[in-house]
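# Examining the three-dimensional arrangement
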Amino acid sequence: MTKELLNKLTLEEKIGQLVQVDPSVYDISEETELFGVSNDTYYVQKDRFLYGSILGINNKNHAIRIQKQYLENSKHKIPLLFMSDVIHGCHTIFPVPLAQAASFNRNLVRKAATISAKEAASSGIHVTFSPMVDVTRDIRWGRVTEGYGEDAYLTGEMGYELVKGYQGDLGNNNVAACLKHFAGYGAPDAGRDYNEVTLSKETFFNYYMPAYARTLEANPKLVMTSFNTLFGIPATANKYLLRDILRGQYAFNGVIISDFASTSNMIAHKYADGPLSAAMKSIKAGLDIDMMSDVYSKHLKLATEKDPSILKLIDDAVLKVLKLKEKLGLFKDPYRGLSEDNQGPQFYDDGTNLELAIESVVLLKNNNLPLKNEKVYLMGEYADSRRTNGSWSWVGGHISNNKTLKEVFPNQTSYEEADVIIYCFGEGERESGESQSKTNPSVKLEDVKQLKQLHDNGKKVIGVVYSGRPLILTEVEPYLDSIVFAFYLGNQMSKAIKRLLLGEANFSGRLPISIPLNVGQIPMYYGQFTTSRPRNTDDLTEQYVSNYKDSPNTPLYYFGDGLSYSEVKYHTLTLNKTKLSEGDTIKLSVKLENLSDIFTKEVVQVYINDLFSEIVRPKLELILFEKVSLNPKQTLVVELELKYESFMYKDGNNENKLEEGPIEIMIGSPRKILLQETIEII
Ligand code: GLC
């Protein structure tokens, strides 16, 4: 059907399918999020009923009105595709992605995506520009909040669950997922957004690509290219990346869409000398849809006259777009079961939001929690804020439903009468996200002063950190009796914090990214290498070793850190074998005991250390985690499996490698290995 339809289209009609515009091209309404100035500078007014997709819809009636108008004016009745940024919720706003990663809870993350998809689909959205699975080791980069942290394995696991949750069976309660930003966007030099990415191939293929690869296993229907260059060429026109790696090595056969005007951004990159060159390079590299630029809408036809081989590439691209529309059922029903009414936004949260919010909070320090009957005084700029949704929640943006912490917390009294101060500080929900890079992601000076004063006044202080990104807490750590890293948790933030501080719920979050001692350590990550001169001591005066003279090498808080109200003892690690050959699997049994008298959840983390490899590997690599529940005083044996492939690494051509020899298997976290065994790869 799609092939026959393709053959009926003129070149102009084909190119139209590869152009994405914003809703104002068809219909100015209060729901339209205007992307800058929407005029016909980037599109051709007379061609608007040829265009294939729209971004930025989040209202069912608006979508239906536009679709109806479009189909009335469309010769071939090819429905429009509606795409939007449903990043951590549509109308129900869940914790920001980095916080969700801290839950280490695959099931909850998938459930949240399933709910988000149903809400998005009910609002007329067909595709979400999510999951963002850009690994990053740099908290200066504002978009760290949108990803799942510094580790490719954890990020990939989250990406996989999100795609499965969004797409389901691609029915009318599902949306197509768009893996982004391909590729390497999370590693901009100096942590500055949109800056060049200068990763080596070995680094990219070992510590960034695996997150995309695992997410691709869930079969997302789209991939979005990134703004940055990789290996010297803008990702959006990087043939090696798109055709050789993505389509070749990973057999991705879905739609590749550019990021916002990243085709025309190639001119700024000095990679294209104008939009015609950008059009030719992009289509040849394998880009299908051009988002919000005039490169395809005004220059792709001319490109075919300069190089007729492009005509076939256009056919291939258009066919992918038509197939996506077919998979979403749009040819059968362009409205996917929706009809105009005054229902307004639909909320389908079933309690998952509060559960995920609670599991996303990380307890970093504890000297006075849980609270019992203490009188508390809440202060800090976020104590009475409803703005708890975090960045990229513009689709829903409903903060009216949000409670402030002051509204929900019991036993509040005056500062003088208070036994404990709850101090809510950090950075605003819009201070992280796109174009929010900072050279110094630390605690604001006024908070440092205030916390020092509270400390000097002898007050007990619980610090609750509201931040989309990790903040450097070194200066205030001594002033805080307890530290709760709450990120931005969405609609249920205040309720989640209240329940946790009062012990009505137990902490189970773990850091998905390291928190440095200072900015100078950045990029800081747990997967450090031994280097040619490993340190022998913590003595900073030690010479001719890989250390600093003014700071330890270690972070303030490690990836995988997180306290709870219970203590879990790791008794034994038992392996069913100690030699592993290709195609084989090894079974691990980890015996845990909950020593406390309260229910808890524990994230069992499995790391390896390959003692010899032809491309050097870090001292620690996370290759498996499982979050398990433990009742009071319960002893549990956790059974885990590791395939031979889990131990492999990549060379500069993205080929798998693994030498014979010893590999350590460690259970615990980068801060503290608790159990360890060594196996032999044979
Ligand atoms: C933005 C972002 C991308 C988003 C797109 C559409 O610039 O880079 O993540 O999906 O434009 O809003």
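Above this note sits the structure.
Below: a short report on this structure.

What counts and how
Residues numbered from 1 in each chain as written. Predicted model: local features only at pLDDT ≥ 70, side-chain atom pairs only at ≥ 80, totals over all residues. Heavy atoms only, no water. Buried < 20%, exposed > 50% of the residue type's maximum accessible area, 1.4 Å probe, protein only. Helix = DSSP H or I, 4+ residues; strand = E, 2+ residues; numbered from the N terminus. Pairing = 2+ DSSP bridges. Right-handed = clockwise from strand over helix to strand, strands pointing away. Near = heavy atom within 4 Å. Polar contact = N/O pair within 3.5 Å; in protein donor to acceptor, adjacent residues only side chain to side chain. Areas by Shrake-Rupley, 256 points an atom, 1.4 Å probe, with all protein chains shown as cover. Nonpolar A, V, L, I, M, F, W, Y, C, P; charged D, E, K, R; others polar. Contact = heavy atoms within 4.5 Å. Phe/Tyr/Trp six-rings, centres within 6.5 Å; stacked < 30°, edge-to-face > 60°. Lys NZ or Arg CZ within 6 Å of the ring centre and 35° of its normal. Disulfide = S-S within 2.5 Å. Salt bridge = Lys/Arg side-chain N within 4 Å of Asp/Glu carboxyl O. Axes fitted to C-alpha atoms, helices over the stretch in contact; angles between N-to-C directions. Parallel < 35°, antiparallel > 145°, perpendicular 65-115°, else oblique.

Okay, the pairing of strand S5 (residues 176-182) next. When a strand is regular, its side chains alternate between the sheet's two faces. Across the seven residues of S5, seven count as buried, placing the element largely inside the fold. Pairing between strand S4 (residues 127-128) and S5: two bridges, direction parallel. Bridge pairing in S5 links Val127 to Ala176. Where the polypeptide runs from S4 across helix H6 (residues 152-167) and back to S5, its parallel neighbour, the crossover connection is right-handed. Summarising the sheet, S5 and strand S6 (residues 222-225) pair through three bridges and their orientation is parallel. When the bridges of S6 are listed, Cys178 appears paired with Leu222.

Of all nine residues that make up helix H14 (residues 352-360), eight are buried, and the element is covered over most of its length. For H14, the set of buried residues is Thr352, Asn353, Leu354, Leu356, Ala357, Ile358, Glu359 and Ser360.

Let us now look at the site of the ligand. Taken together, 13 residues sit near the ligand, with Asp85, Arg143, Lys180, His181 and Asp259 positioned nearest. Here an oxygen atom of the ligand and a side-chain polar atom of Glu434 are 3.1 Å apart. Isolated, the ligand exposes 310 Å² of accessible area, and the fraction of that covered by the protein chains is 95%. When grouped by side-chain class, the residues that make up the shell around the ligand number seven nonpolar, one polar and five charged.

Moving on, we get to the environment of Ala183. Tracing the chain through its elements places Ala183 in the loop between S5 and helix H7 (201-207). The exposure class assigned to Ala183 is buried, which follows from its relative accessible area of 0%. For the pair Ala183 and Tyr160, spaced 23 residues apart in sequence, the C-alpha to C-alpha distance is 17 Å. With residues near it in sequence (within four places) discarded, Ala183 still touches Phe204, Tyr212, Ser226, Asn228, Leu230, Ala235 and Leu241.

We now examine the packing of aromatic side chains. Applying the stated criterion to the full structure yields 25 aromatic pairs. Where Tyr26 meets Phe49, the ring centres are 5.8 Å apart and the plane angle is 50°; that geometry is what we call tilted. Pair noted here: Tyr26 is in the loop between strand S1 (19-21) and strand S2 (53-55) and Phe49 is in the loop between S1 and S2, with a separation of 23 residues, a long-range link. Accessibility classification places Tyr26 together with Phe49 in one group, the buried group. Pairwise contacts between aromatic rings join Phe104, Tyr153, Tyr526, Phe559, Tyr607 and Phe625 into one cluster. Here the guanidinium or amino end of Arg137 rests over the ring plane of Tyr525, the centre of that ring lying 3.7 Å away. Above the plane of the ring of Phe231 lies Lys201, whose end atom (NZ or CZ) is 5.4 Å from the centre.

It is worth spelling out the state of the cysteines at this point. Applying the stated criterion across every chain yields a total of zero disulfides. There is no disulfide at Cys90, and the cysteine sulfur nearest it, in Cys178, is 16 Å away. Classification of Cys90 as buried rests on a relative accessible area of 0%.

Applying the stated criterion across every chain yields a total of 39 salt bridges. In this structure, Glu12 engages Lys301 in a salt bridge whose closest nitrogen and oxygen atoms are separated by 2.7 Å. Remark: Lys301 occurs in helix H12 (residues 294-306) and Glu12 occurs in helix H2 (residues 11-17); sequence separation between them is 289 residues. On the basis of relative accessibility, which here comes to 33%, the residue Glu12 falls in the partly exposed class. With a shortest N-O distance of 3.3 Å, Glu429 and Arg387 are connected by a salt bridge. Residue Glu429 is located in the loop between strand S13 (420-426) and helix H16 (445-456), and its partner Arg387 is located in the loop between strand S12 (376-379) and helix H15 (405-408); the two are separated by 42 residues in the primary sequence. For Glu429, a relative accessible area of 6% corresponds to the buried category. Among the ionic contacts, a cluster of salt bridges with common partners joins Glu381, Glu427, Glu431, Lys438, Lys444 and Arg469.

Following both chains from N to C, one finds helix H11 (residues 275-285) and H12 inclined at 80°, their axes separated by 8 Å at the closest point. One finds that H11 runs roughly perpendicular with respect to H12. Along its contact with H11, which presents Pro275, Leu276, Ala278, Ala279, Met280, Ser282 and Ile283, the element H12 presents Asp294, Val295, Tyr296, His299, Leu300, Leu302, Ala303 and Lys306. Classifying every residue of the contact of H11 with H12 by side-chain character gives 11 nonpolar, two polar and two charged.

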